[in-house]
Each structure stands twice: as C-alpha cells, then as structure tokens.
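What follows is the residue order along each chain.
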Amino acid sequence: MKMTIRSNHWIFASLVLVPFAAMWLGGCGSGKKVDYSTEVKPILNKHCISCHGGVKQNGGFSVLFREEALGITKSGKPAIIPGDPGASEFIRRLHTNDPKERMPLKAQPLSKAEIDILTRWVEQGAEWGDHWAYVPPKAPAADATIDQFINEKLDDENLDPAPQADPQTLLRRLSLDLTGIPPTETRANAFAARFSDSAYALMVDSLLASPQFGEKWASMWLDLARYADTKGYEKDSRREFWRYRDWVIKAFNMDMPFDRFTTEQLAGDLLPSPTDDQLVATAFHRNTMSNDEGGTQDEEFRTAAIIDRVNTTMEVWQGTTIACVQCHAHPYDPFRFEDYYKLMAFLNNTRDEDTWGEYPKLRFYDSLQRQDVTAVTQWVKQHGDANQLQEAQDFLRTLEPKVHAHDADQYINGQLADTKFMAIRNGGSSRMKNVPLNNADRLLMRYWAGAGGSMEIRADSLKGPVIASMALPQGNGVLPVALKPLEGRRDIFFTFRNPSLDPMSTVASVEWMAFRHDLPGKGQAGYKEMEAKFLALVNANPESIPVMVENNRDLFRPTAVFERGNWLVKGSEVKPETPGSLNPWPQGAPRNRLGLAQWLTDPKNPLTGRVMVNRLWEQLFGIGLVETLEDFGTQGFTPSHPALLDYLAYQFVHKHKWSVKSMLREIVLSGAYRRDSKSSPELNEKDPANRLLARGPRFRLTAEQVRDQALAVSGLLSGRMSGPPVMPMQPDGVWMSVYSGERWNTSENGDQYRRGVYTFLKRTSPYPSSITFDGSSREVCLQRRIRTNTPLQALVTLNDPVYLEAARTLAIQMEKDGGKDAKNCIRRGYKLAMNKDISPAKSAVLEKLYSQALQQYQKDPAAADAFNMRSVPDGEKAHVAALTVVANALMNLDEFLSKS
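The residue numbers shown here count from 1 along each chain, following its written sequence. The predicted origin of the model limits local features to residues at a pLDDT of at least 70 and limits the giving and counting of side-chain atom pairs to 80 or more, whereas totals for whole chains, interfaces and linings rest on all residues. Working from all heavy atoms in the structure, the side-chain values ignore hydrogens and water.

### A few points about unusual backbone geometry
Keep this limit in mind: The numbering of helices and of strands both runs from the N terminus, where a helix is a DSSP run of H or I of at least 4 residues and a strand a run of E of at least 2. Any residue under 20% of the maximum accessible area for its type is buried, any over 50% is exposed, and the rest in between are partly exposed; the area is computed with a 1.4 Å probe on protein chains only.
The peptide bond linking methionine 103 to proline 104 adopts the cis configuration, its omega dihedral lying at 0°. By secondary structure assignment, the location of proline 104 is in the loop between helix H4 (89-95) and helix H5 (112-123). The phi dihedral of asparagine 158 falls on the positive side, at around 55°, and the residue is not glycine. Residue asparagine 158 is classed as exposed on the basis of its relative accessible area, which comes to 66%.

Right, dumping it as structure tokens:
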C-alpha cells in the first residue's frame, strides 16, 4: 500500500478530518477486540507491506515493526495515532476518493470489512501481536489426545470419521510409513490372523525397532541436508560423503534425541573430546556445493556456501524463509537486515574455504596406520604437555590448522594456477600475507615439483631475513621445512629456482602449508623414528570425509554486513546474535555454533518443535498441519489444527524428550491415522485434501519407495546396509560428465538391488527414475517434495530396466506358486504385491491381459526373450512372459504406487 505522505496533504486532512471522523468511527466503538495476528497482519501483508515494509518504506512509513509503524514519517508526523483513527493519516487514505491519495495506490480499494478491521484496530490502540508461530506452545491438558483435537473439529463441521481400515491395509500403511517397504507375506498373514489393538501396538514397536526404519527416515532428512555424492556446479565431480548418510541412518535407528541430533550436526566438532561420529555429523553443513571450475574465486564460493548454511539452518529448524534478509529486512516477518549477518557470524568462522581438496577432512586410517597414530600420540603424551597432545591428535585427524596457497599474492614470474595453486617459475616468487608464525619452527608444505629445484623463504620482503632454505625434491607430497622461529604475524615470501627448466615451466606448485612446532622430545632416543611416522601419516591418503572445524584465534574470520547483499561491499562488523523476535539466548551458552544449537533446541524456542512434528505429520498424512513446511511465517499457511500442532510440539519436547520414535508412535497409534482412506461424495466436496482428517491418508509413494517396493515384492531387494553409494541399472547416455570422464558402472553382486537411499546421486544428473517421481537433485535444501502426476512416471514403471526385471522375477515366483493355471498365478501375484486377496473384477481384467499377451508370445516366441527368459524352459517362455506383462501391470496399479 504505497503511502507517500506530503505536508500539503496534512493541510487538506486538517480541513476534512472532522466531517470524515464521524463516518469512520460510526461502526467502531462497539466492535470486538481485533486480533492482530489473524485479522490485521494478513491485510497488511496482502495490501500494504510491498510498499511499506522491509524492502520499501515509501513516505518513510513501514508496517513491518510497531516502532516503525508508529514512528515519524517523511511528513514529520506519524501516520498511525493509536486510539485515534480519525486523526490517523493511515485510516484517512483508505477512505479518500482521490486516486492520487487513496491507498492501496493503483490497486483495488480495501473492502469495507477490511477497512473496519483496521479502523477498529487503530481505535483500540494499534496493538501489535506476535505471530502464532513465534509464541511458545503451552502445556496441554493432562487428558489431551491427538484424536480429541481432530474429533472436536469434525464435530464442528458435522462430519463423521471413517471407520478403521482393514488389517491388511493398516499393516501396509504402517510398514511403508515406518520402514519404507511393504510387509513380508509371513508378517502380513500373522498380523491379520491375530489382529487387535494390542497386536497393532506390538507391530508398531517392532517396525520402529527395525533397521529399515533409519533407511526410510534418512531419505527425508537427506533432502533437508542436501546430501549428494558429487560437488555440484559445472564439473560436479565425485566426493566421498556416504559416511554422513550412514550416520543419519544410524542416528534414526538408535532414536538419537532430536536436540542431540541437531547439536552434533551443527557443532559436533565443538563438543568436549568429539568422537569420529560427532565429527562426521558436522558434514551436514559440508554438503554445500563446492566449485572446482578454473577461473572461479574461492572466497566467492566459500561465501555462497556460508549463505546456504544460514538459509538452510533457519529453514530446517525454524521453518523460516530468511534468504531475502541477505539484502533487506524481511518483507513480511520480524527479521531485520542485520539479523541475517549476526546469524552468519555463527557459521562464518570455520576452516573450509571452497578448496579443491574440500578441506578440512576427517581421516580414517587403516589398522596399521592407527598403530602409528597411537605410537605418535603416546610419544607426545610422554614428552609433551596436554596442549601439545591435543594439538597433535587434532592435526592427525584433520590436518588442521593450515593455510591455503590460494591466498598468495604479489606474484613475480608465477601465477595462481587454475585459481587454486601457487605456481612459481625459475627465479619467481610470491607472498603469503599476514601469516601467524608464532615462533613456528616447522613448515609442512603440500607441493608438486616435476624436476625438483630449490626453495627459499624470507620474512617481511623479498630482501628480508631468510627463515628457510632447502633443496626441493622431485615429486609431490607434504614436505617438512625447518623454519627460523619468528614471533607474531608476518608476511613471508617464497622463491623457487631451477635454472635447467624451460623459462615458462613451473618449478613447483603449492596447495597448502601448515606452520607448526617440532614434536616434543627432540634429541631423545627414538625421536627420528617418531618424526618419520608422523610425516608418513601426514603424507598418507586414507579415506576421508569433509567436516566442520572451527578457526582458532589466529585464523579468526570477522563477519560484516554485505551492503545490499553484495559480498564484495562490506559494511559494519557484527557479532554472533540470534533474532530478537524469537527466544532469548540461553544463559551460559557459548557464542558459537554450539550455542546456536542450544538456542535452537531450547524449550523456549517457539519453532523447532513445531517445525519438526509438522514434518513428521506430513510424512505420515501427506500434508502437514501447516501445509507450507518451509514457511511458518505470516505468508505461510495457517495450521489446520492449531491446538493439535501445539500439543504435538509440546509433547515432542517435554513428554517424549525429543524422541522421534516416541512421537511417531503416538501419532500412528491414534484413531485418525488408522482410519480407512475411502472417501464419500460429501467429503470430497467439503474436504477434498483431507485437511479435516475425517479419513485416513492416501497419496503416492516417494521416489525411493516406488522402486524399493517393486524390488521388495519381487524378492530382489537387497538387505545390505551402509557403505559407498551404488549404481543400479540406468540407461546408457544419461551421464555426460565434463572434464572427469566419470561413467555410470552398474553395480553387481546384489548391490544393484539395494534401497534407493544408497543410489549414487549426481547433482547435475540425478538417477532418472527418482527425478521422474519428484526426487531431489539436492543442490539446495528441500523442505518438501511436491507430488506430480505425469505420463513420464508411467513410462518409467512400464519400461525402466529395474521395473522390467522386478516384473520378470515376480512372474517367475507367480508361476512357481500357481503353476500353469493363469488364474491362480494372477491371484498369487496380487497377494504378493498387495498383501491381500484380489477381487473377482480385478482378476477378470488381468486374466484378459494375460490371454492377450500369451497369444502374442505364442505367435512370436522370440519376443519373449525381451524379458530375459534365458533361464526359462522353451515350453514355458510364453506363459512366463505373459505373466511378466501381468506382473508389470500389477506394479503400475494406482493402489500399488500409493499408500492408502
């Protein structure tokens, strides 16, 4: 609502204000109390805030914050005078007929009802209210239940709830929701035979304890964590991140409390004596993309990664769309421009710098190397102090702290090669600026030298004192260089020489360097052996995973606001701080990522519990109580059942102590979850999206579940868990990997039949069938997958090699159990697919399909070989091929692809 307030308008207003005031106030005085959050804020967001909010403040007037709305405008006077709508320019502009003054400008006028609400609001004092999501949920009544909240709303709508679903449907629904795969036939038969409330509860507990539970729920979390097996951007080369995926699966299976789950991912490295698992957990924020392309600036993409981490943290734990605050105050929600950079200050002080090597990495030594690690640490413990021991252990784990050669400048006869490496020709030099030497007497330098040469290092200038000089061996690796100790921070200059080289050839390239001290115990018997072990470990290339490591005091990175969001234009420096519109900072919490995690999981935080239980609800019911999982702000959807959402959030934090399994158990034991999903014409008309929850959930399975279920019912699904990603069957030519020449090599020995959570995910070319069924490319955090329905999906399940092989395998089982009686075979196939008996009508349709296919394959036996029938006797090929067509049709039924 554009409101350019000029002083001459106030002269006009003073002449007409009294006559109009009586009209404005005529319907105000006796009105009920206006609620800001549910009545006023939606009107302001819809009509006013685009011109008078976080982005624009036309006329010096903003309705985003109360102090701004009641403050002095460019006219020199306030536009809103609490308690006096007749004197408020804000209200007058809604009534005037002058098109140059009437608000909203160049838009439809507000309705009489909307004007009445705003007028009464000003008359009642223009009180601001907190958005419902920013108010912590209160303790519910002791006897409150999920069904109580839902049934009360159904009573209000005069709707009867659907009856409980049949046992077979319930078990399939429960199995798919808790483990991601359908139940086995044995389990289904036993459950149906002794179905009761107690048997149902026991089944819930059994499925929650299943190792497949973690695989199913990890798929949800990996979308949020933007987990992938490649780096992203143009080159999109491979990276080894699978240990993080396995950590997530393990965390869900062990029912790690969500507050600890949060803390270890955001700040596992800052915990006392962090374990390897806690360091692996921090890969959550190392899942950000990194750019290997030559010509890019590492600091630009490091900054892009930090921005992604701020946005992701607030989306995942707070359901807050904060990305726009990078450039200006939030247009709709109470987050100021500076809030963004105060949050960034928590995440901006880590060692990673968008390097080619994706440092820092947690190193996983083999058994022999671990023996050497133990020997070195024992030596340091014996000859040094506790600080030296901790420093040695940390360095061997991550090779940190180190500095990267991409920071070098002042090149003479050299260059920053590929914008990554210090590359110096004969007689050339470069500078490393402001290096914290702190009396270091040892430099570890990772280098490449094709023909060897010599190196000289000087302090302060190219003519300054020599602090190191040595021959440069031919080869590559981490080279130990003796340094003359110097105090404090100094500029150091590297000079490389090899006169025998072509003038344009590089003597050496440098990737990184670490300024250190010799191991303690120098001169003692066994020292040289221990030094050699240490250097061998540093030069080893064990398996590793990128993790978070905080900068030490010497490498501290200050954070400044970006003017207009431009990372190249720094403004004032800011300190770590959370938005004032949310809960206060926990007493005693450190001002770092660990403190941030404690703030997010503080019981006073109004959003974390709500956001997580809403996400769990969406996974089970297909739509969240707040449909916009990604936006709990004023532009997001309001909850369908506000009291139920608050009840669940309170239970999750206080009763269940952040236990995801306990929270899920309470939900799936509810009557609402167990209802039949069949609808009625009345219900379809009144509640087509099932927001009132009168019936049970019915929606299409996720991309992973569609494939996993096909493999499961056919008997092909592998139960192997964990380990590096696998490559199931994929059509040739899908991958067009630039630079690297990487290829999709189909896995063998059953790995090609592992669950979808283990499928190799290349960001620029995700697994085709997964993307077709709305899977994520994982380039950024994805809060919810929007389900689509396209012809391509049917083309996948009808023609993809995985589904054809699953259909053939199922057909062989159908033939084995049903023999040559097609009707028995079809009945058996349906039972295997759906865990219940087929109806006569469905059977008749499939029998007709079988007959048509059989005739075709009897006329053209060679056509059956398209289904890979080499192991089937010639006399049975037509029969099994026709059954394969039927099995393929079964796997394309809506009831098979949906959870109901």
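Now that the structure has been shown, we can carry on.
### Some details on the pattern of salt bridges
When the charged atoms of two side chains with opposite charge come close together, those side chains can pair. Put simply, the test is: When a carboxyl oxygen of Asp or Glu lies within 4 Å of a side-chain nitrogen of Lys or Arg, that pair is called a salt bridge.
As enumerated under the stated definition, the model contains 61 salt bridges in all. The residue glutamate 805 makes a salt bridge to arginine 808 at a minimum N-O spacing of 4.0 Å. Of this pair, glutamate 805 and arginine 808 both sit in helix H27 (residues 801-818), separated by 3 residues, roughly a single helical turn. Residue classification places glutamate 805 among the buried positions, given a relative accessible area of 16%.

### Focus: the layout of surface pockets
Picture a little ball the size of a water molecule; that probe, rolled over the atoms, points out where space is still empty. Our working definition: Lining residues are defined by having an atom within 4 Å of a point belonging to a cavity or pocket. Those points lie on a 1 Å grid over the protein atoms alone, cavities being sets where a 1.4 Å probe fits but cannot get out and pockets being open sets with protein on both sides within 12 Å along at least five of seven lines. Grid points are joined across faces, edges and corners, and a volume is the space filled by probe spheres set on the points. Any residue that is not Ala, Val, Leu, Ile, Met, Phe, Trp, Tyr, Cys, Pro, Asp, Glu, Lys or Arg is counted as polar, Gly included; the first ten are nonpolar and the last four charged.
Quantified by volume, the largest pocket comes out at close to 1,100 Å³. Considering the residues around the largest pocket, the lining is formed by 39 residues, among which Glu391, Asp394, Glu400, Pro401 and Asn552 are closest to the centre. Elements with a contribution of two residues or more to the lining of the largest pocket: helix H17 (386-398) and strand E10 (506-516). The dominant element in the lining of the largest pocket, judged by the number of residues it contributes, is H17, at 9 residues. When the residues that make up the lining of the largest pocket are grouped by side-chain class, the tally is 19 nonpolar, 9 polar and 11 charged. Volume-wise, the second largest pocket comes out at about 910 Å³. If you trace the second largest pocket, you find 36 residues lining it, with Glu299, Glu353, His406, Asp407 and Arg557 closest to the centre.

### Here's the deal with the packing of helix H12 (residues 258-267) against helix H19 (residues 593-600)
As a reminder, the rule being used: For helices, the axis comes from a line fit to the C-alpha atoms of the stretch in contact; other axes are also lines fit to C-alpha atoms, and the angle between any two N-to-C directions lies between 0 and 180 degrees. Relative orientations are named as follows: roughly parallel for angles under 35 degrees, roughly antiparallel for angles over 145 degrees, roughly perpendicular for angles from 65 to 115 degrees, and oblique for any other angle. Crossing handedness: left-handed means the near helix sits turned counterclockwise from the far one by under a right angle, and right-handed means the same turn made clockwise. Throughout, a contact is declared for two residues whenever any of their heavy atoms are within 4.5 Å.
Interhelical geometry of H12 versus H19 gives an angle of 155° and a closest axis separation of 9 Å. Considering the angle they form, H12 stands roughly antiparallel to H19. Where H12 crosses over H19, the two elements pack in a sense that is right-handed. Listed contacts from H19 to Thr263, Leu266 and Ala267 of H12 are Arg593, Leu594, Ala597 and Leu600. Here the residues of the contact of H12 with H19 sort into 5 nonpolar, 1 polar and 1 charged.

### Some remarks on the packing of aromatic side chains
Short version of the rule: By convention, a stacked pair of Phe, Tyr or Trp rings (six-membered ring in the case of Trp) has centres within 6.5 Å and planes under 30 degrees apart, an edge-to-face pair has planes over 60 apart, and any other such pair is tilted.
Inspection of every chain in the model, using the stated rule, returns 38 aromatic pairs. Geometrically, the ring pair formed by phenylalanine 252 and phenylalanine 261 is tilted, given 5.3 Å between the ring centres and 55° between the ring planes. Residue classification places phenylalanine 252 among the buried positions, given a relative accessible area of 5%. Owing to a relative accessible area of 2%, phenylalanine 261 belongs among the buried residues under this scheme.

### A word on a negative patch on the surface
Rule in force here: Surface patches are defined over residues having more than 30% relative accessible area and no salt bridge, joining like charges when they lie within 9 Å and nonpolar side chains (Val, Leu, Ile, Met, Phe, Trp, Tyr) when within 5 Å. Computed with the Shrake-Rupley method and a 1.4 Å probe, the accessible areas treat only the protein chains shown as cover for residues. In this count, Lys and Arg are taken as positive residues and Asp and Glu as negative ones, while His and the chain termini are left out. To locate a charge, take atom NZ for lysine, CZ for arginine, CG for aspartate or CD for glutamate.
Negative charge collects at one region of the surface, where Glu152, Asp155, Asp156, Asp160, Glu682 and Glu685 lie side by side. Broken down by element, the residue count for the negative patch peaks at 3 residues, all from helix H6 (residues 146-156). Tracing the backbone through its elements, the reader meets glutamate 685 in helix H23 (residues 681-686).

### Concerning helix H18 (residues 527-539)
For clarity, the cut-off: Helices are assigned an expected span. That span is 1.5 Å times one less than the residue count. Regarding the arc, it is the one traced by the directions from the helix axis to the C-beta atoms.
Compared with the 18 Å implied by 1.5 Å per residue over 13 residues, the 18 Å span of H18 between its first and last C-alpha is a close match. Every buried residue of H18 is accounted for by Tyr527, Met530, Phe534, Leu537 and Val538. Buried positions in H18, seen along its axis, are confined to an arc of 100° and lie on one side of it. Here the buried face of H18 lies against strand E1 (361-364), helix H16 (367-383), H17, strand E5 (442-449), strand E8 (475-482) and E10.

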